[in-house]
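Summary of structural features
One letter stands for each residue in the lines below.
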Amino acid sequence: MSVIRAAEIKIADAKKNGLIKGPVHLGVGQEAIAVGVSKNLQDTDRIFGAHRSHSHILGVDNDLHKLFAEVLGKNTGFSSGMGGSMHLVSKSKGFLGSVPIVAGTVPLALGAGLASKLQKSGDIAISYLGDGATEEGVFHESLNFARVSNIPILFVVENNLFSSHMHMSLRQPSNTINRFAKAHKIESKLVDGNDVIEIYKTSSEFIRKMRLKPEPYLIEAITYRWFGHVDWRDDIDVGVERSKKDLLNWKKRDPIKRLSDAMINKKIWTKEKQITLDSKIKELIEENWEKATTDDFPNKESLLDNVYKYD
Amino acid sequence: MFTNMIKTTYSDAILSGFDYLLENYSEVFVLGQGLWSPWYVGNTMKNLDKKYGKERIIDTPVSESACTGAAVGASICGMKPIIVHPRMDFMLYAMDSIVNQAAKWSYMFGGQLNAPVTIRCIINRGGSQGAQHSQALHSWFAHIPGIRVVMPFTADDARDLLISSVLCPDPVIYIDDRWLYEQTANLNPIKETPLDSVTPKCIKKGDQITIVGSGYSTLLALRASNKLNCNGICAEVFDLRVLNPFNSKNILDSVLKTKRLLVIDSGWKTCGMASEVITSIVENIPTNTLIDPPRRITLPDCPAPSSEVHEKDYYPDEEKIIKFINKFYCF
Ligand SMILES: Cc1ncc(C[n+]2csc(CCOP(=O)(O)OP(=O)(O)O)c2C)c(N)n1
Ligand SMILES: [Mg+2]
């Protein structure tokens, strides 16, 4: 979690300083979800993300250099510099793509799960999506199809209560979405998205069951993003002022500090160790960032490459 | 008198079109994402929710398919809805309502019903936004009989064609372009114009080559033609304005005069609007009229790249147009 946090803070700073060209959607505050889920995954599982997916990919592939290179548009990045922050891939770790069309990857993850079932591979599909994405019809179609066809997919809904500038209460009759799982008879659990242990336990139980018997599950993790919808500001959110009070309250529920404090309380961790860890991470970040900045951009001549697999 | 006139930007002109419609037609309402945020649609809808109320200016859930369908349905029942998609890419979830339903509602029922919906969508590209946040899909929609496709280039048209689109009894896709938002003009007083009387417009007179654009590509055509003037080449520039149904008459007359044709399009090459314009001209002129073969400048046939290195090559600009003309045309 600390690595993901530090990486995103670095990206926020770089964006602020004009070093990153494309948009970046930061998930600072939401790290516990991907970390808790990813601990249960293997390289052959099939993971799909969306626009806010730095944590999702780092959860299974912690190659900071590749992430930094990608957001900087360098050819050493996760997507060879062709994607930027919004289009990430790590094939070898089962991360098969994140893209910015809301809910765009939900049915793809479904198909990945279906393929796994047909292939009898025992692998599962993970579909990361936001609360906003549950408003797209295709999400509901996917739940239904997943249920009737018993597809091994875990829908992980990161409910941060916002879809860009719009609070959940302006968009849905309820602030939680797990009712949709119930309607489709999909086993689900509403969890504290800022509690990495709870997320880990719930996902590990679901995933264990899915590997034994292909079936869909859904986790709704309630959380909050510390930055605005896009880019580095936390004071305004795509033009709309957010409540500072809410933000401060949510910062008190920082998933990293909670874990660290709990471990210190239980005497399995110390403040000193935390400080050492943080400074090590800082070094790691700087080292990888430096490396990424010196990398090359994609070759100018490659514009038309990979439109098709046959040239 | 002119010194008193205030220049209006393209985006403010759109806003004033909305304002006029909402003020004068109680059947008009607007729905779509970002309507309560100044961020999604620039200032093209600024404060309309405050002025006309959140019942008529509805910021919606992330449900393009249902919201577009709802707009189509409301239009069948006497309302004049405007559904707004802050990017064309997002409205692909709504293709059924647009292509299967709205486009055909009048035809399928012998003209007894019609769907006078306006689908306003924005081309919003550049800035490394990449393949799913950059598309200009006007040619696609222009392929569908039953929907009119409108692409304003001037600030006047941005306002007036919005009004014509909303008052039109047919479904209309009205496409504005973020890259035009800062363009300014002295706006004429509003005059309601039936959309079926709107045809491609000559925006610069010339006699050596006809250059056709639509939306932002008209701006490129105009800029290029100004540079050509310095080289002593006098281009006539046309702005398509309405892509479907496409009326080629004015352009045809122009080409008969200039004997050269170049079409610039902000979409892809294959099966694109540029092909349509060229074909409609070529099939209607006597053989050997043209001094040079007709040509098109479009996007290369590949998705919008995210990389800044590629973005520069991907989008046409006036330099590239001048180079192209020097290479392929003989004056
Ligand atoms: C089909 C589509 N519609 C609208 C958008 C614009 N958009 C981008 S992100 C976003 C918010 C999505 O909210 P949510 O799913 O909750 O994810 P979060 O941003 O909270 O992580 C919206 C509406 C889009 N990218 N794609
Ligand atoms: Mg959200």
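Scroll up to find the structure this text is about.
Now for a description of the structure that goes with this document. Everything numeric here is computed off the predicted structure, so don't read it as measured data. In this convention, every chain numbers its residues from 1, walking through the sequence in written order. Chain labels run from A onward and ligand labels from 1 onward, assigned in the order the entries are written. For a predicted model such as this one, the threshold for reporting local features is a pLDDT of at least 70, and the threshold for listing and counting side-chain atom pairs is 80 or more; totals across whole chains, interfaces and linings nevertheless cover every residue. Side-chain numbers here rest on the full set of heavy atoms in the structure, without hydrogens or water.

1. What about the site of ligand 1?
Note the following rule: Here a residue is considered near a molecule or strand provided that any single heavy atom belonging to it is located within 4 Å of it. Pairing of N or O atoms within 3.5 Å defines a polar contact, subject to two protein rules: one partner must be a possible hydrogen donor and the other a possible acceptor, and residues neighboring in sequence count only if both atoms are side-chain atoms. Values of accessible area rely on a 1.4 Å probe in the Shrake-Rupley scheme; residue burial ignores everything except the protein chains shown. Amino acid classes used here: Ala, Val, Leu, Ile, Met, Phe, Trp, Tyr, Cys and Pro are nonpolar; Asp, Glu, Lys and Arg are charged; the rest, including Gly, are polar.
Residues in contact with ligand 1 amount to 22 residues; listed here are only the nearest, A:His51, A:Arg52, A:Pro100, A:Gly132 and B:Glu64. This site is not confined to one chain, since residues near ligand 1 come from chains A and B. Between ligand 1 and A:Val102 there is a distance of 3.1 Å, counted from a nitrogen atom to a backbone nitrogen or oxygen. Across the complex, the protein chains shield 96% of the 580 Å² of accessible surface that ligand 1 would expose by itself. Each residue belonging to the shell around ligand 1 can be placed in one class, and the counts come to nine nonpolar, nine polar and four charged.

2. Structural notes on helix 5 (residues 106-118) of chain A
Residue and element names in this part refer to chain A. For clarity, the threshold we go by: Each helix corresponds to a stretch of at least 4 residues labelled H or I by DSSP, and each strand to a stretch of at least 2 residues labelled E; elements are numbered beginning at the N terminus. One fewer than the residue count of a helix, multiplied by 1.5 Å, yields its expected span. Accessible area is worked out with a 1.4 Å probe on protein chains only. A residue is then buried under 20% of its type maximum, exposed over 50%, and partly exposed in between. As used here, the arc belongs to the directions running from the helix axis to the C-beta atoms.
Here helix 5 spans 19 Å end to end across 13 residues, near enough to the 18 Å set by a 1.5 Å rise per residue. Inspection of helix 5 places Val106, Ala109, Leu110, Ala112, Gly113 and Ser116 among the buried residues, and these make up the whole buried set. For helix 5, the arc enclosing every buried residue in end-on projection is 160°, short of the 170-degree limit, so these residues lie on one face. Immediately downstream of helix 5, the backbone of lysine 120 shows phi near 50°, a positive value.

3. Considering empty space enclosed by the protein
Keep this limit in mind: With a 1 Å grid spanning the protein atoms alone, the term cavity applies to any set of points in which a 1.4 Å probe fits but cannot get out, the term pocket to an open set with protein on both sides within 12 Å along at least five of seven lines, and the term lining residue to any residue with an atom within 4 Å of a point. Grid points are joined across faces, edges and corners, and a volume is the space filled by probe spheres set on the points.
Taken as a whole, this structure holds five cavities of 30 Å³ or more when the rule is applied. Taken together, 19 residues form the lining of the largest cavity, with A:Gly22, A:Val71, A:Gly73, B:Ser128 and B:Ser306 sitting closest to its centre. A per-class count over the lining of the largest cavity returns seven nonpolar, nine polar and three charged.

4. Quick notes on the coordination of the magnesium ion (ligand 2)
Residue and element names in this part refer to chain A. Stated precisely, the cut-off is as follows: Water is not among the atoms examined, so metal sites may look incomplete; donors are the N, O and S atoms within 2.8 Å of the metal, or within 3.2 Å for Na, K and Ca.
In this structure, Asp131 (OD), Asn160 (OD1) and Phe162 (O) serve as the protein donors to the magnesium ion (ligand 2), at separations of 2.1 Å. Mapped onto the sequence, the donors of the magnesium ion (ligand 2) take the spacing D-x28-N-x1-F. Pair noted here: aspartate 131 is in the loop between strand 4 (125-130) and helix 6 (137-148) and asparagine 160 is in the loop between strand 5 (153-159) and strand 6 (162-163), with a separation of 29 residues, a long-range link. Each member of the pair, aspartate 131 as well as asparagine 160, carries the same accessibility label: buried.

5. Side note on the packing of helix 4 (residues 64-71) of chain A against helix 11 (residues 271-294) of chain A
All names here are of chain A. Applied cut-off: As a rule, the C-alpha atoms of each element are fitted with a line to give its axis, helices using only the stretch in contact, and angles between N-to-C directions run from 0 to 180 degrees. Each angle gets one of four labels, with under 35 degrees taken as roughly parallel, over 145 as roughly antiparallel, 65 to 115 as roughly perpendicular, and the rest as oblique. Crossing handedness follows the turn of the near helix against the far one: under a right angle anticlockwise gives a left-handed crossing, and clockwise gives a right-handed one. Here, two residues are considered to be in contact whenever any of their heavy atoms come within 4.5 Å of each other.
In contact at an axis separation of 8 Å, helix 4 and helix 11 are set at 45° when each is read in the N-to-C sense. As the angle between them shows, helix 4 and helix 11 are arranged oblique. Handedness of the helix 4/helix 11 crossing: right-handed. Contact residues: helix 4 offers Leu64, His65, Phe68 and Ala69, while helix 11 offers Leu284, Ile285, Asn288, Trp289, Lys291 and Ala292. Taken together, the residues of the contact of helix 4 with helix 11 sort by class into seven nonpolar, two polar and one charged.

6. Focus: the packing of aromatic side chains
The relation between two aromatic rings is expressed through the spacing of the ring centres and the mutual angle of the planes. Formally: Two rings belonging to Phe, Tyr or Trp (six-membered ring only in the last case) form a pair when the distance between their centres is within 6.5 Å. Interplanar angles under 30 degrees mark stacking, angles over 60 mark edge-to-face geometry, and anything in between is tilted. We count a charge as sitting over a ring when the NZ of a lysine or the CZ of an arginine lies within 6 Å of the ring centre and within 35 degrees of the ring normal.
Tallying each qualifying case throughout the model produces 14 aromatic pairs over all chains. The interplanar angle of 90° and the centroid separation of 6.2 Å between the aromatic rings of A:Phe139 and A:Phe155 together place this pair among those described as edge-to-face. Note that A:Phe139 is positioned in helix 6 and A:Phe155 in strand 5, a separation of 16 residues in sequence. A relative accessible area of 0% places A:Phe139 in the buried class. With a centroid separation of 6.0 Å and an interplanar angle of 80°, the aromatic rings of A:Phe162 and A:Tyr224 are classed as edge-to-face. Of this pair, A:Phe162 sits in strand 6 while A:Tyr224 sits in the loop between strand 9 (217-222) and strand 10 (236-237); the two residues are 62 residues apart in sequence, bridging distant segments of the chain. The class for A:Phe162 is buried, based on a relative accessible area of 14%. Grouped by ring-pair contacts, the aromatic residues B:Trp179, B:Tyr216, B:Tyr314 and B:Tyr315 constitute a single cluster. The ring centre of A:Phe297 lies 5.0 Å from the NZ or CZ of A:Lys74, which sits over that ring.

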